[in-house]
Structure formats: C-alpha cells, structure tokens
Amino acid sequence: MNKTPLISIVDDDSIVRGAIESLVTSLGFLAYTFPSAEAFLESRLVAETSCLISDVQLPDISGVELQERLADLGLSIPTIFITAYPDNAVRTRVLGAGAVCFLRKPFDAQSLIQCIDNALNRQD
C-alpha cells in the first residue's frame, strides 16, 4: 500500500495550480490538480486526499462551499485555503470549520510548506 500523502489542489488558475503542484511534488508528495470544486468532488481521489489546497474564489462552488460539502459527506480533510481576496469573515469561518491555514496570494513557498506539514501532522 502506498503511504505517500496525496495532496489535492483546487484552483481555477492553471498557473497557480501548476506552481503548487511543482512545489508539492518536489517535496515528495503525490499531487493532483483540479480546475473546480466540482471536478474534485466528482473524482475518485476525494477519499484518498491527505491534504486539500483550495482557492476560496472558485466558479460555481466556492472553496468555502467545498469545505461544507466535504463536511456534509463526513470527510474532514485537512484544508489549506489560498486567496487573492482575503476577507476576515471568510478566514474566521473556514478556520472555525477546521481549516489548517488561510494564505493570501501571493504567498511564499515556505509558508505553504509549513501549512502542508501542519495539515499532514494534525491530530484529530
């Protein structure tokens, strides 16, 4: 059985997705990218995801709604939110619902690495 953590990345910006995917794979993790929350929710990888990195602003289903839908499914995937439009109310809401980190774009690689480490080592 493969024990390498799977990091799922949901962002509608292909450049951001690619950059995060490169960083995640350089750390030795498996990475899968999705252009929308729907694509992630419809994938077989939801249950295998060790950590989710999601943009807050997504078409149709937002990152916040994605977090809520996963909770409704009984899944508590450690989630890192990224956003170009930080909002304290959203930050408070997602962190209160269990998100591990809330990063403002552009963020530095070390901040994301620390968030991934926190997510993968979180004790529920």
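Just above sits the structure.
Residues numbered from 1 in each chain as written. Predicted model: local features only at pLDDT ≥ 70, side-chain atom pairs only at ≥ 80, totals over all residues. Heavy atoms only, no water.

Asker: It is not clear to me how the state of the cysteines should be interpreted in this structure. Could you clarify?
Answerer: By definition, a disulfide links the sulfur atoms of two cysteine residues through a covalent bond. Counted by the stated rule, this structure contains one disulfide. Considering cysteine sulfurs only, Cys101 is the nearest to Cys51, which forms no disulfide, with 8.6 Å between them. (Disulfide = S-S within 2.5 Å.)

Asker: Looking at this structure, I do not really get the pairing of strand β5 (residues 101-104). What am I missing?
Answerer: Across a regular strand the side chains alternate sides, sitting on one face of the sheet and then on the other. By the bridge criterion, four bridges tie strand β4 (residues 79-83) to β5 in an arrangement that is parallel. Looking across to β5, one finds that Ile82 is bridged to Leu103. In this fold, β4 hands off to helix α4 (residues 88-96), which returns the chain to β5; that crossover is right-handed. (Pairing = 2+ DSSP bridges. Helix = DSSP H or I, 4+ residues; strand = E, 2+ residues; numbered from the N terminus. Right-handed = clockwise from strand over helix to strand, strands pointing away.)

Asker: I tried to follow the side chain of Asp11 on my own but got confused; where do I start?
Answerer: Among the secondary structure elements, Asp11 is positioned in the loop between β1 (6-10) and α1 (14-26). One polar contact links Asp11 to Lys105, side chain to side chain, over a distance of 3.0 Å. (Polar contact = N/O pair within 3.5 Å; in protein donor to acceptor, adjacent residues only side chain to side chain.)

Asker: In this structure, what is going on with the side chain of Ser36? I would like to understand it.
Answerer: Within the element layout of this structure, Ser36 appears in the loop between β2 (30-34) and α2 (37-42). Among the polar contacts listed, one links the side chain of Ser36 to the backbone nitrogen of Ala39, at a separation of 3.0 Å.

Asker: Help me out: how do you make sense of the sheet that holds β5 in this one?
Answerer: Whenever strands of a sheet pair, they do so through backbone hydrogen bonds, lying parallel or antiparallel. Read from one edge of the open sheet, five strands run β2-β1-β3-β4-β5, paired in parallel fashion. Looking at the sheet topology across the chains shown, the edges are occupied by β2 and β5. Along the sheet, successive strands turn relative to each other by an average axial angle of 20°, direction set aside. (Axes fitted to C-alpha atoms, helices over the stretch in contact; angles between N-to-C directions.)

Asker: How do you make sense of the pattern of salt bridges when you look at a structure like this?
Answerer: When the charged atoms of two side chains with opposite charge come close together, those side chains can pair. Across all of its chains, the model carries four salt bridges by this definition. One salt bridge connects Lys105 with Asp11, and the closest N-O pair in it is separated by 3.0 Å. Linking Lys105 in the loop between β5 and α5 (109-120) with Asp11 in the loop between β1 and α1, this pair joins segments that are 94 residues apart in sequence. With its nearest N and O atoms 3.1 Å apart, the salt bridge here joins Lys105 to Asp55. (Salt bridge = Lys/Arg side-chain N within 4 Å of Asp/Glu carboxyl O.)

Asker: Just checking my understanding: could you explain the packing of helix α3 (residues 63-72) against α4 for this structure?
Answerer: Two numbers describe a pair of packed helices, the interaxial angle and the distance between the axes. One can describe the packing of α3 onto α4 by two numbers: an axis separation of 11 Å at closest approach and a directional angle of 20°. Classified by the angle their axes make, α3 and α4 are roughly parallel. Considering the relative orientation of α3 and α4, their crossing is left-handed. Contact residues: Val64, Gln67 and Glu68 in α3; Val90, Arg93 and Val94 in α4. Each residue belonging to the contact of α3 with α4 can be placed in one class, and the counts come to three nonpolar, one polar and two charged. (Parallel < 35°, antiparallel > 145°, perpendicular 65-115°, else oblique. Left-handed = near helix turned anticlockwise from the far one by under 90°. Contact = heavy atoms within 4.5 Å. Nonpolar A, V, L, I, M, F, W, Y, C, P; charged D, E, K, R; others polar.)

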